[in-house]
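Descriptive structure summary
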Amino acid sequence: MRVLLPLTALAALTACTGKDAVDSTPPDVAWYGEVEDTVIEKCATCHQPGGLGPGDWSTYETAAAGAEAIKVYVENGAMPLAAADPECRSYHGAERMHLTDEETQRIIDWADAGAPAGNPAHSNAPEIPYLHLDDTDTTLEMPLEHTLEVDEGDNEYFCMILDNPFTETRYVTGIDVEVGNREVVHHMLLAVDMNGNAGVGYGTDGTQTAFRCQDPILESDWLLLHAWTPGMEPVEFPDGVGLQVNPGDQLVLQMHYYADHDLPAQTDHSAYKLRTTDHVNTVAEMAAVGPDDFRIPAGADSYSDSESLENDFGRMTLYGAFPHMHLLGSYFSSSIRKMGGSEECLVRGEYDFDHQMTYMFDVPVQFNRRDRLVVECTWNNAADAPNQYNDPPQDIVWGEGSNAEMCYMLFYYSMGQ
Ligand code: HEC
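Residues numbered from 1 in each chain as written. Predicted model: local features only at pLDDT ≥ 70, side-chain atom pairs only at ≥ 80, totals over all residues. Heavy atoms only, no water.

1. A look at the overall build of the protein chain
- Within the protein chain one finds five helices and 22 strands.
- Computed over its C-alpha atoms, the radius of gyration of the protein chain comes to 23 Å, within 12% of the 22 Å expected for a compact globule of 417 residues.
- Each of the three principal axes of the protein chain carries a C-alpha extent, and together these read 75 × 50 × 50 Å.
- The 417 residues of the protein chain split such that 50% are buried.
- Per element, the accessible surface of the protein chain, about 19,000 Å² overall, is 48% carbon and sulfur.
- Taken together, the 20 basic and 69 acidic charged side chains of the protein chain have centroids lying 8 Å from each other. (Helix = DSSP H or I, 4+ residues; strand = E, 2+ residues; numbered from the N terminus. Rg over C-alpha atoms; globule rule 2.2 N^0.38 Å. Buried < 20%, exposed > 50% of the residue type's maximum accessible area, 1.4 Å probe, protein only. Areas by Shrake-Rupley, 256 points an atom, 1.4 Å probe, with all protein chains shown as cover. Lys, Arg positive; Asp, Glu negative; His and termini not counted. Charge placed at Lys NZ, Arg CZ, Asp CG, Glu CD.)

2. Description of the nonpolar core
- Ranked by internal contacts, the top residues of the largest apolar core, which has 54 residues, are Ile175, Met188, Phe237, Tyr272 and Tyr412.
- A domain split of this core shows at least three residues from each of domain 2 (138–280) and domain 3 (286–415).
- Apart from the residues lying within four places of it in its own chain, the contact partners of Ile175 are Leu133, Leu225, His226, Pro234, Val235, Phe237, Leu243, Tyr272, Lys273, Leu274 and Tyr412.
- If you look at the next biggest cluster of nonpolar residues, it comprises 34 residues, including Leu318, Val365, Trp379 and Phe411. (Core = buried A, V, L, I, M, F, W, Y, C linked by side-chain atoms within 4.5 Å. Domains from an automatic or database assignment. Contact = heavy atoms within 4.5 Å.)

3. Focus: helix H5 (residues 101–112)
- Taking 1.5 Å per residue as the helical rise, H5 with its 12 residues ought to reach 16 Å, and the 16 Å between its terminal C-alpha atoms agrees with that figure.
- Turning to H5, the residues buried within the fold contact helix H2 (36–42), helix H3 (60–65) and helix H4 (67–75). (Expected span 1.5 Å × (residues − 1).)

4. Side note on the packing of aromatic side chains
- With the rule as written, the count across this model stands at 10 aromatic pairs.
- Geometrically, the ring pair formed by Tyr91 and Tyr359 is edge-to-face, given 4.7 Å between the ring centres and 70° between the ring planes. Here Tyr359 lies in strand S19 (residues 359–367) and Tyr91 lies in the loop between H4 and H5, a separation of 268 residues in the sequence.
- Taking the relative accessible area as the measure of exposure, Tyr359 reaches 3% and is therefore buried.
- Every member of this aromatic cluster is reached through a ring pair, and the members are Trp31, Tyr32, Tyr60 and Trp110.
- One cation-aromatic arrangement involves Arg89 over Phe361; the distance from NZ or CZ to the ring centre is 5.6 Å. (Phe/Tyr/Trp six-rings, centres within 6.5 Å; stacked < 30°, edge-to-face > 60°. Lys NZ or Arg CZ within 6 Å of the ring centre and 35° of its normal.)

5. Focus: the sheet that holds strand S15 (residues 303–310)
- Strand order in the open sheet made by the four strands is S15-S20-S17-S18, with antiparallel pairing throughout. Unpaired on one side and paired on the other, S15 and strand S18 (343–350) mark the two borders of the sheet. Sheet twist, expressed as the average angle between the axes of neighbouring strands with direction ignored, equals 10°. (Pairing = 2+ DSSP bridges. Axes fitted to C-alpha atoms, helices over the stretch in contact; angles between N-to-C directions.)

6. Quick word on the packing of H4 against H5
- Taken N-terminus to C-terminus, the directions of H4 and H5 make an angle of 150°; their axes are 9 Å apart at the nearest point. The interaxial crossing formed by H4 with H5 has left-handed handedness. Contacts from Ala67, Glu68, Ile70, Lys71, Val74 and Glu75 of H4 reach H5 at Thr104, Ile107, Ile108, Trp110, Ala111 and Asp112.
- The residue makeup of the contact of H4 with H5, split by class, is seven nonpolar, one polar and four charged. (Left-handed = near helix turned anticlockwise from the far one by under 90°. Nonpolar A, V, L, I, M, F, W, Y, C, P; charged D, E, K, R; others polar.)

7. Side note on the coordination of the iron atom of the ligand
- Coordination of the iron atom of the ligand by the protein is provided by His47 (NE2) and Met79 (SD), with metal-donor distances spanning 2.0 to 2.3 Å.
- Around the iron atom of the ligand sit six donor atoms, and with donor-metal-donor angles ranging over 86 to 179° the site reads as octahedral. Note that His47 is positioned in the loop between H2 and H3 and Met79 in the loop between H4 and H5, a separation of 32 residues in sequence.
- Judged by its relative accessible area of 9%, His47 is buried. (Donors = N, O, S within 2.8 Å, 3.2 Å for Na, K, Ca; no water. Tetrahedral: all angles 85-135°; square planar, octahedral: opposite > 155°, others 65-115°.)

8. Concerning the side chain of Lys42
- When you line up the elements, Lys42 lands in helix H2.
- Setting aside chain neighbours within four positions, we find Lys42 in contact with Pro80, Glu95, Arg96, His98, Leu99, Thr100 and Glu103.

9. Description of a nonpolar patch on the surface
- A cluster of nonpolar side chains, contributed by Leu309, Phe313 and Met415, occupies part of the molecular surface with about 280 Å² of accessible area.
- Relative to the elements of secondary structure, Met415 occurs in strand S22 (residues 408–415). (Patch = residues over 30% accessible without salt bridge, like charges linked within 9 Å, V, L, I, M, F, W, Y side chains within 5 Å. Salt bridge = Lys/Arg side-chain N within 4 Å of Asp/Glu carboxyl O.)

10. Points about the sheet that holds strand S10 (residues 250–258)
- Judged by pairing direction, the sheet is antiparallel, and its five strands sit side by side in the order S6-S3-S10-S5-S7 without closing on themselves. Of all the strands in the sheet, the pair left with one neighbour each is strand S6 (210–212) and strand S7 (222–228). Here the average twist between neighbouring strands, direction ignored, is 25°.
- Examined bridge by bridge, strand S3 (residues 155–162) and S6 share three bridges and lie antiparallel to one another.

So, in structure tokens, the structure goes:
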């Protein structure tokens with residue numbers, strides 16, 4: 001989906017940055033002990049077999065073979081993929097998602113030195129970060145392998161009622177997914193239908209367990225438990241906090257597929273994996289805040305809209321935020337505007353459709369009565385925007401498909417603290 005400049009173009013860009021020609025001997029930086037730990041911890045999470053990115057850079061041989069490309073992408077800031085700014089707020093995994101200037105320079109120096117191995121005895125290889133929960137106890141699987149039926153706009157929203165395996169109230173403390181077909185899955189949503197009649201809002205008689213579900217994207221009686229989008233890592237709540245699921249709750253899975261309608265239909269079979277427990281101190285829920293009446297002018301390279309919500313409900317605790325836009329999204333920011341006038345940053349950063357994340361705060365945040373929660377999105381709808389799909393660009397309004405835009409900040413919160 002993301003279109004990066006070809007390597008040659010990036011190389012030309014770097015050539016123009018006018019490196020000093022005087023000092024032509026690059027410092028001698030070796031893989032073992034100097035670069036390996038950074039590349040494994042911050043790149044091989046995705047660049048390993050089965051990972052989100054191409055190649056496998058967890059070993060010297062494979063990384064050295066890609067050294068020139070690694071240098072170019074790192075030097076231009078194209079990698080690692082954009083992630084929220086940890087200076088706004090510290091969140092789980094932040095240290096893995098950013099390179100320091102020093103690390104960037106060391107990778108460049110290593111590539112410039114011809115990607116030498118150095119002495120394997122100096123190896124300081126960390127484990128490749130494992131980005132799945134291995135202590136889940138419940139699998140909620142699609143009841144069927146689905147063959148996609150995308151519309152003219154290449155979208156399909158397909159919903160299924162899942163078997164609820166619980167015989168007593170359980171609390172979900174960790175959430176992971178097994179995406180069946182990463183090429184086509186643009187989101188997964190897990191929700192509870194509070195009235196147990198999922199599908200009726202989409203015109204079914206309420207007995208179907210699988211149905212198309214679009215316009216609106218959610219039935220009004222659905223309580224969201226989780227949203228997954230490409231790049232998302234597992235969600236874990238702080239100790240003692242979890243989402244509540246009761247026996248008999250009707251669990252609904254919504255799949256958003258995006259695939260070229262002119263190509264042969266693909267199939268998908270995805271699943272949710274949950275870690276649950278029988279007791280928590282605090283029950284968390286999910287809520288979304290964001291504007292939905294915007295028009296992004298054709299050609300605008302930086303257009304923003306925002307929404308704010310005053311807290312009329314009482315003291316709340318926020319555990320994490322998930323910024324969501326579609327392909328033209330370029331920047332997000334959210335903060336709490338306090339009654340006294342000060343502002344507290346919640347989450348902000350460059351937006352990358354392929355690296356959407358629920359940023360779980362290292363320390364939960366208090367959102368007090370009369371404070372305001374502000375959410376702002378910025379889009380790039382210029383002809384040369386990285387993910388522009390209209391030629392020429394068109395005005396874009398709010399919509400559910402990947403060829404319209406959204407601006408949502410989904411929060412995990414609880415009442416009280
Ligand atoms: C969160 C996942 C993720 C992380 C972390 C990540 N990458 Fe990538 N990388 C990707 C994806 C996905 C692509 C495919 C290009 C695209 O569509 O953006 C890619 C492409 C690349 C490419 C182009 C390779 C090719 O064969 O086309 C290079 C080079 C690269 N990444 C370097 C790095 C380096 C160096 C790091 C660590 C500093 C890193 N990446 C961290 C996901 C990641």
